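Given next are the chains, with one letter for each unit.
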Amino acid sequence: MQSFLKNAERCQLIGMVHLLPLPGSPNWQGSMQDILDSAARDAEALVAGGCDAIIVENMGDLPYLRGEVYPETVAAMALATERVVSFGLPTGVQVLAAANREALGVAIASGASFLRVEAFAYAHVADEGWLDACAGELLRARFNLRAKVEIWADVQKKHAAHSVTADLSLPDLAKGAKFCGADALIVTGVSTGAPTSVQDVDEVKTSGLPVVVGSGVDPDNIRSLASTADGLIVGSWLKEDGDWQKAVDRKRVQHLRELLDS
């Protein structure tokens, strides 16, 4: 499957919709309507500000489960993602942490077009514990379900230790993810909001797949990152006061769009 990033004429600006805590999480507040309304407001601001695509993520479900989530969380995620899909932009799904099989189900049910997948190729240790690679199971499920859903795989993802693969270079890991069947690759800094190295982007580009920056994009680095990356995922900086827990600020989205286009 060829990523839509390959056909894009410019570096894509991809905004994040961070959902409020979903059913099944410790901070769930008991109202699906609040979740849906918040998701819609953020999506509307991202569209109005000039984003090219959106990713929906259950960021509010701290602390995250490891490799799976509850059925009620999947159902809520599907409803919220469907609401975002209705705004008309290509929409991705990430279900934390590494609940990639569930994310595929959400994408199929909601009409989303791609997944952000952690632990696609190579195991690592994350906040939640040990995460095994999932490429074999996930791609079989995608084939059996006849799902036209792209896989955007993180390479050396943030919030994780990668000592088990320390004998492999970043280009090696990127090529391994390509070998396992990823459609695009994501490279990040060490944590949410931490800047991504342009050198790391260049090294992951040697895989031959589209490369997306997954953290730390801001007005100071957007042009340099866009000069080599195919897409930029932005979450924290697009929020009010740059706080990921707040609502998307349309003016901030517009500012990054203008810098990207200038």
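Above this text sits the structure in question.
Here the structure is a predicted model, which means the values were calculated and not measured.

Draft legend 1. Representation of the overall build of the protein chain in the model. The secondary structure content of the protein chain amounts to eight helices and 11 strands. Relative to the 2.2 N^0.38 estimate, which gives 18 Å for 262 residues, the radius of gyration of the protein chain is 17 Å and therefore close to what a compact globule would have. Here the protein chain, with 262 residues, has 55% of them falling under the buried criterion. Looking at the protein chain alone, contacts between residues at least 24 apart form 70% of all its contacts between residues at least 6 apart. In the structure as shown, the protein chain presents an accessible area of about 11100 Å², 49% of it carried by carbon and sulfur atoms. In the protein chain, which carries 23 positive and 34 negative side-chain charges, the distance between the mean positions of the two groups comes to 5 Å.

Draft legend 2. The arrangement of helix α1 (residues 32–49) in detail. With 18 residues, α1 should reach 26 Å at 1.5 Å per residue; the first-to-last C-alpha distance of 26 Å fits that figure. As for α1, its buried residues are in contact with β1 (12–18), β2 (53–57), α2 (71–85) and α8 (250–261). Directly after α1, the chain includes glycine 50, whose backbone phi takes a positive value near 110°.

Draft legend 3. View of the sheet that holds strand β3 (residues 91–94). Around the barrel, which closes on itself, the eight strands sit in the order β1-β2-β3-β4-β7-β9-β10-β11 with parallel pairing between neighbours. Recorded for the sheet is a direction-independent mean angle of 25° between the axes of neighbouring strands. Contacting β1, β2 and β3, α2 runs over the sheet at an angle of about 160° to β3.

Draft legend 4. Structural detail: the environment of serine 38. Secondary-structure assignment places serine 38 in helix α1. In this structure, the C-alpha to C-alpha distance between serine 38 and glutamate 258, residues 220 residues apart in sequence, is 25 Å.

Draft legend 5. Main features of α8. Along its 12 residues, α8 runs 16 Å from first to last C-alpha, staying within 8% of the 16 Å computed at 1.5 Å per residue. Among all positions in α8, only Val253, Leu256, Arg257, Leu259 and Leu260 are buried. End-on, the buried residues of α8 take up no more than an arc of 165°, which puts them together on one face. With respect to the buried face of α8, the exposed residues turned more than 90 degrees away are Lys251 and Glu258. Contacts made by the buried residues of α8 are with β1, α1, α7 (222–226) and β11 (231–234). Sitting at the amino-terminal end of α8 is aspartate 249, which places a side-chain oxygen 3.0 Å from the backbone nitrogen of lysine 251.

Draft legend 6. Structural view of the layout of surface pockets. Put simply, the second largest pocket is a space of about 290 Å³. Lining the second largest pocket are 16 residues, and of these His18, Leu19, Leu20, Trp244 and Gln245 sit closest to its centre. At three residues, the largest contribution of residues to the lining of the second largest pocket is made by α1. Per-class residue counts for the lining of the second largest pocket are seven nonpolar, five polar and four charged.

Draft legend 7. View of the packing of aromatic side chains. Going through the model one piece at a time under the given rule, you end up with one aromatic pair. Ring geometry for phenylalanine 114 versus tryptophan 152: centroids 4.0 Å apart, planes at 15°, classification stacked. Of the two residues, phenylalanine 114 is situated in strand β4 (residues 114–117) and tryptophan 152 in strand β7 (residues 150–155); the sequence distance between them amounts to 38 residues. Sitting over the face of the ring of tryptophan 237, arginine 252 holds its NZ or CZ atom 4.4 Å from the ring centroid.

Draft legend 8. Highlighting the nonpolar core. Counting 68 residues, the largest nonpolar core has Val17, Val93, Leu115, Phe120, Leu185 and Leu232 as the members making the most contacts within it. Among the elements that make up this core, the one with the highest residue count is α1 (six residues). In this view, valine 93 contacts Ile55, Val56, Met77, Thr81, Ala103, Val106, Ala107, Ala112, Phe114, Leu115 and Arg116; residues no more than four positions away in its chain are not counted. One finds Leu5, Met16, Trp152 and Ala184 within the second-largest nonpolar core, a separate group that totals 11 residues.

Draft legend 9. Examining unusual backbone geometry more closely. For the peptide bond that leads from leucine 62 to proline 63, omega is -15°, which places it in the cis range. Locating proline 63 in the fold gives a position in the loop between β2 and α2. A cis amide bond, omega -5°, links leucine 96 with the succeeding residue alanine 97. By the element assignment, alanine 97 lies in the loop between β3 and α3 (100–110). Notably, alanine 119 is not glycine yet its phi reads approximately 60°, a positive angle. With respect to the secondary-structure elements, alanine 119 resides in the loop between β4 and β5 (124–126). A positive phi angle is found at arginine 146, which is not glycine, with a value near 50°.

What counts, and where the lines are drawn
- Residues numbered from 1 in each chain as written.
- Predicted model: local features only at pLDDT ≥ 70, side-chain atom pairs only at ≥ 80, totals over all residues.
- Heavy atoms only, no water.
- Helix = DSSP H or I, 4+ residues; strand = E, 2+ residues; numbered from the N terminus.
- Rg over C-alpha atoms; globule rule 2.2 N^0.38 Å.
- Buried < 20%, exposed > 50% of the residue type's maximum accessible area, 1.4 Å probe, protein only.
- Contact = heavy atoms within 4.5 Å.
- Areas by Shrake-Rupley, 256 points an atom, 1.4 Å probe, with all protein chains shown as cover.
- Lys, Arg positive; Asp, Glu negative; His and termini not counted.
- Charge placed at Lys NZ, Arg CZ, Asp CG, Glu CD.
- Expected span 1.5 Å × (residues − 1).
- Pairing = 2+ DSSP bridges.
- Axes fitted to C-alpha atoms, helices over the stretch in contact; angles between N-to-C directions.
- Arc of directions from axis to C-beta.
- Polar contact = N/O pair within 3.5 Å; in protein donor to acceptor, adjacent residues only side chain to side chain.
- 1 Å grid on protein atoms, 1.4 Å probe; cavity = no way out; pocket = protein on both sides within 12 Å on 5 of 7 lines; lining within 4 Å.
- Points joined across faces, edges and corners; volume = space filled by probe spheres on them.
- Nonpolar A, V, L, I, M, F, W, Y, C, P; charged D, E, K, R; others polar.
- Phe/Tyr/Trp six-rings, centres within 6.5 Å; stacked < 30°, edge-to-face > 60°.
- Lys NZ or Arg CZ within 6 Å of the ring centre and 35° of its normal.
- Core = buried A, V, L, I, M, F, W, Y, C linked by side-chain atoms within 4.5 Å.

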